[in-house]
Amino acid sequence: YKLERTGVPHPNPEKARQGVQLTNLAVDLETSKIVEQIFAWRVEGVGFRTIATRLTRQGFPCPSAADRERNPHRHGRAWSVGAVRTIVMNPKYKGQGVYGRYRKVERLFDVNDPAAGNVTRMAPAPASEVIETDGIVALIVSETVWRQAQTDRAPATPGPRPDRPQASPYALRGLIVCGRCGKRM
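Residues numbered from 1 in each chain as written. Predicted model: local features only at pLDDT ≥ 70, side-chain atom pairs only at ≥ 80, totals over all residues. Heavy atoms only, no water.

Caption draft 1: Geometry of the packing of aromatic side chains. Counted under the stated rule, the structure contains two aromatic pairs. Geometrically, the ring pair formed by Tyr1 and Tyr93 is stacked, given 5.5 Å between the ring centres and 20° between the ring planes. Taken together, the positions of Tyr1 in the segment before strand S1 (2-9) and Tyr93 in the loop between helix H5 (81-89) and strand S3 (96-99) put the pair 92 residues apart, joining distant regions of the chain. The exposure class assigned to Tyr93 is buried, which follows from its relative accessible area of 12%. Site record: aromatic cluster; members linked through ring pairs are Tyr1, Phe39 and Tyr93. The ring of Phe48 is capped by Arg42, whose NZ or CZ atom sits 4.0 Å from the centre of that ring. (Phe/Tyr/Trp six-rings, centres within 6.5 Å; stacked < 30°, edge-to-face > 60°. Helix = DSSP H or I, 4+ residues; strand = E, 2+ residues; numbered from the N terminus. Buried < 20%, exposed > 50% of the residue type's maximum accessible area, 1.4 Å probe, protein only. Lys NZ or Arg CZ within 6 Å of the ring centre and 35° of its normal.)

Caption draft 2: Spotlight on the packing of helix H2 (residues 29-44) against H5. Contact pair H2 / H5: the axes reach a minimum separation of 10 Å and the direction vectors enclose 90°. Classified by the angle between their axes, H2 and H5 sit roughly perpendicular to one another. In this structure, H2 uses Val35, Ile38, Phe39 and Arg42 to contact H5, whose residues at the interface are Val84, Ile87 and Val88. In terms of residue class, the contact of H2 with H5 is made up of six nonpolar, no polar and one charged. (Axes fitted to C-alpha atoms, helices over the stretch in contact; angles between N-to-C directions. Parallel < 35°, antiparallel > 145°, perpendicular 65-115°, else oblique. Contact = heavy atoms within 4.5 Å. Nonpolar A, V, L, I, M, F, W, Y, C, P; charged D, E, K, R; others polar.)

In structure tokens:
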């Protein structure tokens, strides 16, 4: 999606004086094709890491590279697993707005010292408090495709990991075992 100005002044009078306008999300025709491809691969059972690798190798711009103005703090060189996962899990792509998933919660800074004050943190809200609204934005993928892509992980396939160009450069990889827990290092 891209932000599109509506021409309506911001409801906050101070922001309206500064010329700030309300915005809507509109489908970006170039990047929406990438989103459709991500969902198609995910429905086929391709994992997040493999999708990120394919997109980077095929030269598709990652979200931070596609919108440098809003993401000057990110390098924008490659797709991350987190970016792909976030796109797949985001209900906006099926045209649904979700509000109130998180709420502010105040907790004591130190349980043993209430005089130390409170700390405000964001915590997941109960499902009963989350508001879901359909038709907020134009959809990019159908409800069916979005639901099919919502598996916890790609199905495991035997054999070596896909898209791995060479063996590990670490000579002792998998040979050292932790003395405490017994896991391979």
